[in-house]
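Chains, contacts and geometry: an overview
The primary structure of each chain is shown beneath.
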Amino acid sequence: MTTTAGRSTPTEPRPGVKAGSVVGWLASTDHKRIGLLTVGTSLVLLLVAGGLAMAMRAQLTQPQLEVLSNDLYNQFFTMHGSMMIYMVMTPFAIGIGLYLVPLQIGAPNVAAPRTTMLSYWLYLTGAVVMLSGFSADSGAADHGWYAYPPLASSRYTPGQGVNLWIIGVALSSLGMLLMAGTVLWTVLLKRARGMAMLRMPVFSWSIVATNLMVIGAFPTLLVAVGILAGGRVYPDMFTENIWNIGYQHLFWFFGHPVVYVMFFPFVGAVAEVLATFAGRRFFGYKFLVLSLLLFAALSMSVWGHHMFTTGQAASNYYSLTSIMLVIPAGIEYFDMLATVVGGRLRFTTPMLFALAFLPQFLIGGLTGIMVGTPALDYQMQDSYFLVAHWHYTLAAGSLFALFAGVYFWFPKASGRMLREGLGKAHFWLWVAGTNLTFLPMFWLGLNGMPRRIPTYLPRDGFTTENLIATIGAGLLAVGGLVFIANVVVALRRPHQAPPDPWQAHTLEWATSSPPPTFNFSERYPIPPIRSYAPLLDLREQEQSSRAEAG
Amino acid sequence: MKSAHAVVGAWATGNLVLALILLFAFRPAGFIEQLLYIWSTALVAGFGVAVLLATRAGRVGTQRRQPRRAAAGIFAALGLAVGLTGFAYGWWLSVIAFYPLVLAAWLARGERLRRGTRPWPAALGDTEPAGPPRFVHYGSSLGTATAVPAEHAAHGPPAPPPPRPPHRLRKAALLAAGARAVVEMLRRRRR
Amino acid sequence: MPFSTVFDQLFTVWAAIAGGVFVLVTGIVLVAVLINRAKRRRKLPFRASENKPVELGYVVVLAGIVAALFYGSYQANSALNHGKGLAAETTTPAARIDVTAYRWCWDFAYQSAPVTVTGTCTTNDFPTVVVPAGQPVEFNLTSRDVVHAFWLPDFAAKRDAYPDHVNTLRMVFPEEGRWRGRCSEYCGTHHVTMDFYVRAVSPAEYQQYLDSGGAAV
Ligand code: HEM
Ligand SMILES: [Cu+2]
Ligand SMILES: [Cu+2]
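Rules behind the numbers
- Residues numbered from 1 in each chain as written.
- Chains lettered and ligands numbered in written order.
- Predicted model: local features only at pLDDT ≥ 70, side-chain atom pairs only at ≥ 80, totals over all residues.
- Heavy atoms only, no water.
- Salt bridge = Lys/Arg side-chain N within 4 Å of Asp/Glu carboxyl O.
- Helix = DSSP H or I, 4+ residues; strand = E, 2+ residues; numbered from the N terminus.
- Buried < 20%, exposed > 50% of the residue type's maximum accessible area, 1.4 Å probe, protein only.
- Disulfide = S-S within 2.5 Å.
- Donors = N, O, S within 2.8 Å, 3.2 Å for Na, K, Ca; no water.
- Tetrahedral: all angles 85-135°; square planar, octahedral: opposite > 155°, others 65-115°.
- Core = buried A, V, L, I, M, F, W, Y, C linked by side-chain atoms within 4.5 Å.
- Contact = heavy atoms within 4.5 Å.
- UniProt positions renumbered as here; feature names shortened; annotations may be inferred.
- Buried area = accessible area lost by both parts, 1.4 Å probe.
- Polar contact = N/O pair within 3.5 Å; in protein donor to acceptor, adjacent residues only side chain to side chain.
- Pairing = 2+ DSSP bridges.
- Axes fitted to C-alpha atoms, helices over the stretch in contact; angles between N-to-C directions.
- Near = heavy atom within 4 Å.
- Nonpolar A, V, L, I, M, F, W, Y, C, P; charged D, E, K, R; others polar.
- Left-handed = near helix turned anticlockwise from the far one by under 90°.
- Expected span 1.5 Å × (residues − 1).
- pLDDT = per-residue confidence, 0-100.

1. Some details on the pattern of salt bridges
- Evaluated as defined, the whole model comprises 15 salt bridges over all chains.
- For Glu540(A), the salt bridge is made with Arg47(C), and the minimal N-O distance between the two is 3.3 Å. Of the two residues, Glu540(A) sits in helix α17 (residues 534-549) while Arg47(C) sits in the loop between α1 (3-35) and α2 (52-79), which places them in two different chains.
- Overall, Glu540(A) belongs to the partly exposed group, its relative accessible area being 28%.
- Relative accessible area serves as the criterion here: at 59%, Arg47(C) is assigned to the exposed category.
- One network of salt bridges, with partners in common, ties together Arg281(A), Asp537(A), Glu540(A) and Arg47(C).

2. Some details on the state of the cysteines
Residues and elements named next belong to chain C.
- Taken as a whole and assessed by the stated rule, the structure comprises one disulfide over all chains.
- The partner cysteine of Cys105 in its disulfide is Cys121, sulfur to sulfur 2.1 Å. Between Cys105 and Cys121 the sulfur-sulfur dihedral comes to about 75°; the bridge is accordingly right-handed. A residue pair is termed long-range when its members are at least 10 positions apart, and Cys105 in strand β2 (residues 105-110) and Cys121 in the loop between β3 (116-118) and β4 (128-132) qualify at 16 residues. You'll find Cys105 and Cys121 in the same group, each marked buried.

3. Here we look at the coordination of the copper ion (ligand 3)
Residues and elements named next belong to chain C.
- Ligation of the copper ion (ligand 3) by protein atoms is provided by Cys183 (SG), Glu185 (O), Cys187 (SG) and His191 (ND1), these donors lying 2.1 to 2.6 Å from the ion.
- Here the copper ion (ligand 3) binds four donor atoms, and the angle range of 85 to 132° at the metal identifies the geometry as tetrahedral.
- Positions of the donor residues of the copper ion (ligand 3) along the chain correspond to the pattern C-x1-E-x1-C-x3-H.

4. Things to note about the nonpolar core
- Ranked by internal contacts, the top residues of the largest apolar core, which has 299 residues, are Tyr86(A), Trp165(A), Phe139(C) and Phe173(C).
- Setting aside residues no more than four positions away along its own chain, Trp165(A) makes contact with Thr78(A), Met79(A), Ser82(A), Tyr86(A), Met130(A), Ala141(A), His143(A), Gly144(A), Trp145(A), Ala147(A), Val225(A) and Leu228(A).

5. Details of the UniProt feature "transmembrane region" (unreviewed entry) in chain B
- Cross-referencing UniProt, the feature "transmembrane region" (unreviewed entry) maps to residues 7-29, 35-55, 67-84 and 90-108 of chain B in the present numbering.
- Helix makes up 100% of residues 35-55 of chain B and strand makes up 0%, while its end C-alpha atoms are separated by 30 Å.

6. Remarks on the interface of chain C and chain A
- At the junction of the two partners, chain C supplies 78 residues and chain A supplies 90 residues.
- Counting the surface chain C buries against chain A, the share from its top three residues, Glu55(C), Lys158(C) and Tyr186(C), is 10%.
- Viewed at the interface, chain A and chain C are joined by two salt bridges.
- Inspection of the region where chain C meets chain A yields 34 residue pairs in polar contact (both at pLDDT 80 or more).
- At the level of elements, α1, α2, β6 (148-152), β7 (157-161) and β9 (177-183) of chain C are the ones that each hand at least two residues to the side of chain C that touches chain A.
- For the side of chain C that touches chain A, the leading source of residues is α1(C), giving 16 residues.

7. Concerning the sheet that holds strand β8 (residues 167-172) of chain C
Residue and element names in this part refer to chain C.
- Spatial ordering of the open sheet is given by β3-β2-β1-β5-β8, a layout of five strands whose pairing is mixed. At either end of the open sheet lies a strand with only one pairing partner, and these are β3 and β8. Here the average twist between neighbouring strands, direction ignored, is 20°.
- Note that β2 and β3 share three bridges and pair antiparallel.

8. A closer look at the pairing of strand β10 (residues 195-201) of chain C
Residues and elements named next belong to chain C.
- Extensive coverage of β10 is indicated by the burial of six of its seven residues.
- Note that β4 and β10 share five bridges and pair parallel. Of the residues in β10, the one forming a bridge with Val131 is Ala200.
- Bridge count for β9 against β10 is six bridges, and the pairing is antiparallel. Across the sheet, Arg180 pairs through a bridge with Tyr197, a residue of β10.

9. Some words on the site of ligand 1
Residue and element names in this part refer to chain A.
- The immediate surroundings of ligand 1 are formed by 21 residues, with Tyr73, His80, Trp145, His391 and Arg452 found nearest.
- Here an oxygen atom of ligand 1 sits 2.8 Å away from a polar atom, N or O, in the side chain of Tyr73.
- Between an oxygen atom of ligand 1 and a main-chain N or O atom of Trp145, the distance comes to 2.8 Å.
- Taken together, the elements giving at least two residues each to the shell around ligand 1 come down to α2 (31-60), α3 (70-104) and α14 (384-414).
- Looking at the shell around ligand 1 element by element, the count peaks at seven residues for α3.
- Partitioning the shell around ligand 1 into residue classes produces 14 nonpolar, four polar and three charged.

10. Concerning the pairing of β7(C)
Residues and elements named next belong to chain C.
- Counting buried positions along β7 gives five out of five residues, so the element sits mostly inside the fold.
- Because side chains alternate across β7, one face comprises the buried residues Ala157, Arg159 and Ala161, and the other comprises Lys158 and Asp160, equally buried.
- Sheet topology places β6 next to β7; five bridges connect them, and they run antiparallel. Paired with Leu152 across the two strands is Ala157, which belongs to β7.
- Connecting β6 to the antiparallel partner β7 that follows it, the hairpin turn spans four residues, and Ala156 within it adopts a positive phi of roughly 55°.

11. Quick notes on the coordination of the iron atom of ligand 1
Residue and element names in this part refer to chain A.
- Around the iron atom of ligand 1, the donor atoms from the protein are His80 (NE2) and His391 (NE2), and they sit 2.0 Å away.
- Look at His80 and you get buried, because its relative accessible area is 12%.
- A relative accessible area of 14% places His391 in the buried class.

12. Side note on the packing of helix α7 (residues 241-261) of chain A against helix α2 (residues 31-56) of chain B
- At a minimum axis separation of 10 Å, α7(A) and α2(B) run at an interaxial angle of 35°. Relative to α2(B), α7(A) is oriented so that their crossing is right-handed. Each of Ile242(A), Gly246(A), His249(A), Leu250(A) and Phe253(A) in α7(A) lies in contact with α2(B), whose residues at this interface are Phe31(B), Ile32(B), Glu33(B), Leu36(B) and Ser40(B).
- Here the contact of α7(A) with α2(B) is built from residues that sort into six nonpolar, three polar and one charged.

13. A few points about the sheet that holds β4(C)
All names here are of chain C.
- Read across the open sheet, the five strands follow the order β4-β10-β9-β6-β7; overall the sheet is mixed. Two strands in the sheet have a free side with no partner beyond their single neighbour: β4 and β7. Each neighbouring strand pair of the sheet contributes to a mean axis angle of 25°, computed without reference to strand direction.
- Bridge count between β6 and β9: two bridges; the pairing is antiparallel.

14. Describing helix α11 (residues 326-341) of chain A
- Helix length check: α11(A) (16 residues) gives 21 Å between terminal C-alpha atoms against 22 Å at 1.5 Å per residue, within 8%.
- With respect to burial, α11(A) is a largely interior element, 13 of its 16 residues being buried.

15. As for the confidence of the model for chain B
Residue and element names in this part refer to chain B.
- The share of residues in chain B with pLDDT of 70 or more is 60%, and the mean pLDDT across the chain is 70.
- Low confidence marks residues 118-146, where pLDDT is under 50. Its contacts with residues over four positions away, or in another chain, come to 76 contacts.
- In the predicted complex, the global pTM is 0.89; the interface-specific ipTM is 0.95.

16. Topic: unusual backbone geometry
- Following Ser513(A), the chain continues into Pro514(A) via a peptide bond in cis, with omega recorded as -5°.
- Residue placement: Pro514(A) occurs in the loop between α16 (463-492) and α17.
- Of the consecutive residues Arg103(C) and Trp104(C), the connecting peptide bond is found in the cis state with omega at 0°.
- Looking at the element boundaries, Trp104(C) is found in the loop between β1 (95-102) and β2.
- The phi dihedral of Asp382(A) is positive, around 60°, even though this residue is not glycine.
- Tracing the chain through its elements places Asp382(A) in the loop between α13 (374-380) and α14.
- Positioned with a positive phi, His82(C) is a non-glycine residue whose angle comes to about 55°.
- By the element assignment, His82(C) lies in the loop between α2 and β1.

Here is the structure:
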């Protein structure tokens, strides 16, 4: 085919793959499609992991129930935790960055899109391999999401489930490492003209911090699961303490940063949502950026707080570094609160989720200081107090922020509006459900209920709290169904989304919904970039010129 | 690229300082901890150096050269997955994994577009025609400015229909309401 | 100081601080939600998008809070001898007990007498370790297979038990009584029932217990 200058060919000039076909999606080189595949896959897996949680909650409703056998319960909590961490929250965090960051920095695509697609496929196959453990004779892995040896060695947990778990983790974390690398490369090198680093939106900065942590920490996970794989072949190596404690150090060296990988992009999303619906510039941009980077760097130094009871880690040092996290976290809260206090608030569904994030995540953060204090952790570690703590950070915090982001960016990605009524129903069900589920767990922990137990006795005195928790989990399930209904309705009976339905601030709202292949076009050009809120600049300019004219 | 240097530099120094605190203020600390610090700082710093080299090589700014398909990525991932599954089900699986990997390597070359070509639609915001049009390989070159078809998403939502001329009745009603408003206003003034 | 005393004191302070911060932040959010509704406000309450002096001052305050919190954490952890319990230098334990965890029960062996206690950790066959009340007791924790943890919820004391490694836990049981201990590091199928009991008796009774070779007291 030849084209001559000046003559326009209105038909698609590309033979072979059709853009909208299945292959067009699965072999796409468009960062938006790869991002949506990643995010969509992780949301489907959220259903799977959530389903496992519901089964566990059913088992724990009353003492001595027999919904699940010991071994099945153990597989369920292992797969629930592993799926949530390796296959849901982490991929969502990195995938939403892949979708949004090129748009926000005015780049036509991610750098190295084919490597990015490779990473999606690694993630997908990893998830499938890990889940396929349920079809093995031995059942799925049941050593917990951090797979401590010697328990995870072939001597104490024989069978394919653990092998498949190791392979799944290796594949998908390799994928996430690659994806984080290409996105970070894009941010650092491929920004549009005028988009200086300090004009990037808060969300893009949160992705910079996230992906730096991924690069610093995920290779260590690969080494750690390599050690586990060694123990599958030579279980004798774990009769030596150095391998056991060494594994724990390696694992948590990955394990703490990954907690922030599952947190930063969501804080970034909350910051964007708050600023948009407060109708004002985000307060304290520079301090926030600095605090994110400080937070990320510091996160590499706190891993030992998971090992206070091992007697083999410098507990005071890790307590110091953990408590130092109060500084960046405090700055973030200050800036987010100031944005809310100084704004004109509109209560859309994304805004509600973002506002609820503030107090709910705070509970997780404040109890985090408690478990970061060795003298308290000696009691709280591996009890339901800890279960409550991290579910407040991850479920009541990050998951709420995740849905703030989903409700916020769904119109951009799909060109359809979600229904506000259903969104608000989802929100209120989840506020009630989340707190009913996880608040009683603090009391359970203080009363001595260990985590990872499939049942308890009537005389233990754990019954009431567990009953409340299960009722709350039921509300969570109903809320989840409402969300699915919302998506189905939005796709079946579309309400078309304009380019900027929210009066938002950042570049992705300057282009069409959904954006064209290379994000910006003649019709939707990149607006001039003079700050971290270019669309707000335009609006203010318009207003002032109107004021002058009038 | 100054801020990028600052990011990576501050990261590395910050962690170095913390590692020194660990070493000197909180003895006895294990050698594993120190090794982990060095290793992760090296990883982040290594990425920083790679960014630096790319900057030096001028690979900065909007990237125009794009691949047109990522089938090689799929095959590479499948190959890796099958190969690693050999750990569970026997290493003979890695023999099978060999084929998708070779296929991926073979596909990888062809998927990259020639310099100066981009797949359809050629609608990059601030693109400038880059000299006379060159050989086109599965796409349109930057010089040819292929028009985006009318109904493509790149055009955004269709323009809203022009406002309908008001119906005669409605016109009359509007007139009446307008007159009322004027009268009302005048009355108020008088008071 | 005993684990539980340290825990109770510190937890009270920490919970008070956490409660204060929570009420403050939630209060600010709620008040903002009430008075900053777009319906009620025509203009932004304030337009500034940064305020360096305030933020810097706030960082200094935060640093102060960090220093205070770490001081509390450090003091408490020192009082607990980094989780080992009573400092070894100040006291010689009246009882030294080797504890071996295994899947899925416990062995207790007294160092000063040929007395061992064990059980199967199935219905009503849980090992009971007898200790002298009011005197320092030392547990030397190790494991025969995987990682376990020795947890006495009523005393806020916990220490992991590793194969090829010994962790010490020293504590005083201030009064006579019987308490449940549990394994708190997940170790497989019957982790949930891996319980034991600690029974503190008067020193005289304890001596009698050892002398009789572990007969019930
Ligand atoms: C949505 C409602 C959720 C419910 C009802 C729920 C419930 C549970 C339950 C009952 C356990 C077992 C606790 C134990 O026996 O120790 C558990 C463990 C866990 N959950 Fe959740 N969870 C939810 C959401 C999440 C989310 C969003 C995440 C993370 C992103 C998450 C991460 C984990 C992890 C890491 C574990 C530990 C697994 C292990 O012990 O190895 N959960 N959850
Ligand atoms: Cu941590
Ligand atoms: Cu156990």
